[in-house]
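# Understanding the architecture of this molecule
Residues per chain, in single letters:
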Amino acid sequence: MSKTTPSHETYPVSLEWEPNPVTLRGHALLNEPLLNKGTAFTALEREQFQLQGLLPPQVSSMEQQVHRVYDNIARKTDPLEQYIGLI
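Heads up: these notes are all about the structure in this document.

## Things to note about the overall build of the chain
Broken down by element type, the chain carries 5 helices and 0 strands. The N-to-C order of helical and strand elements in the chain reads α-α-α-α-α. Per-residue burial over the chain gives 16% buried out of 87 residues. Accessible surface, the chain: about 7700 Å² in total, of which carbon and sulfur atoms supply 58%.

## With respect to the side chain of glutamine 65
Considering the arrangement of structural elements, one finds glutamine 65 in helix H4 (residues 62-74). Of note is the side chain of glutamine 65, whose polar atom sits 3.4 Å from the side chain of threonine 39. Setting aside residues no more than four positions away along its own chain, glutamine 65 makes contact with Lys37, Gly38, Thr39, Ala40 and Ser60.

## Some words on a nonpolar patch on the surface
Taken together, Leu80, Tyr83, Ile84, Leu86 and Ile87 make up a surface patch of nonpolar side chains, about 600 Å² in accessible area. Counting through the fold element by element, isoleucine 87 comes out in the segment after helix H5 (79-86). Overall, isoleucine 87 belongs to the exposed group, its relative accessible area being 71%.

## A few points about the packing of aromatic side chains
One pass over the structure, following the stated rule, counts 1 aromatic pair. When the centroid spacing of 6.3 Å and the interplanar angle of 65° are considered together, the rings of phenylalanine 41 and phenylalanine 49 count as edge-to-face. For the residue pair phenylalanine 41 and phenylalanine 49, the accessibility class agrees, reading buried in each case.

## Quick notes on the pattern of salt bridges
What the rule picks out here adds up to 1 salt bridge. Its salt-bridge partner being lysine 37, residue glutamate 45 comes within 2.9 Å of it at the nearest N-O pair.

Conventions used here
- Residues numbered from 1 in each chain as written.
- Predicted model: local features only at pLDDT ≥ 70, side-chain atom pairs only at ≥ 80, totals over all residues.
- Heavy atoms only, no water.
- Helix = DSSP H or I, 4+ residues; strand = E, 2+ residues; numbered from the N terminus.
- Buried < 20%, exposed > 50% of the residue type's maximum accessible area, 1.4 Å probe, protein only.
- Areas by Shrake-Rupley, 256 points an atom, 1.4 Å probe, with all protein chains shown as cover.
- Polar contact = N/O pair within 3.5 Å; in protein donor to acceptor, adjacent residues only side chain to side chain.
- Contact = heavy atoms within 4.5 Å.
- Patch = residues over 30% accessible without salt bridge, like charges linked within 9 Å, V, L, I, M, F, W, Y side chains within 5 Å.
- Salt bridge = Lys/Arg side-chain N within 4 Å of Asp/Glu carboxyl O.
- Phe/Tyr/Trp six-rings, centres within 6.5 Å; stacked < 30°, edge-to-face > 60°.

Now the structure itself:
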């Protein structure tokens, strides 16, 4: 029997990852769902990305945002309203 080489040894995967710089600013950044962190933008990020005045002043972590949204959905008694809260 011949021994086969696992694919991860044949095709090595690089674990090094370089993030792309974010070039969007202001409303353009907030309109990009993959980049918009909502109130999780720090004060420094808000300044760098020209978001001052476009977000509520309170900074919330992503975890805090998840809990807030979950609580809002859980308060709904009608399944349709819960579904609408998810989309």
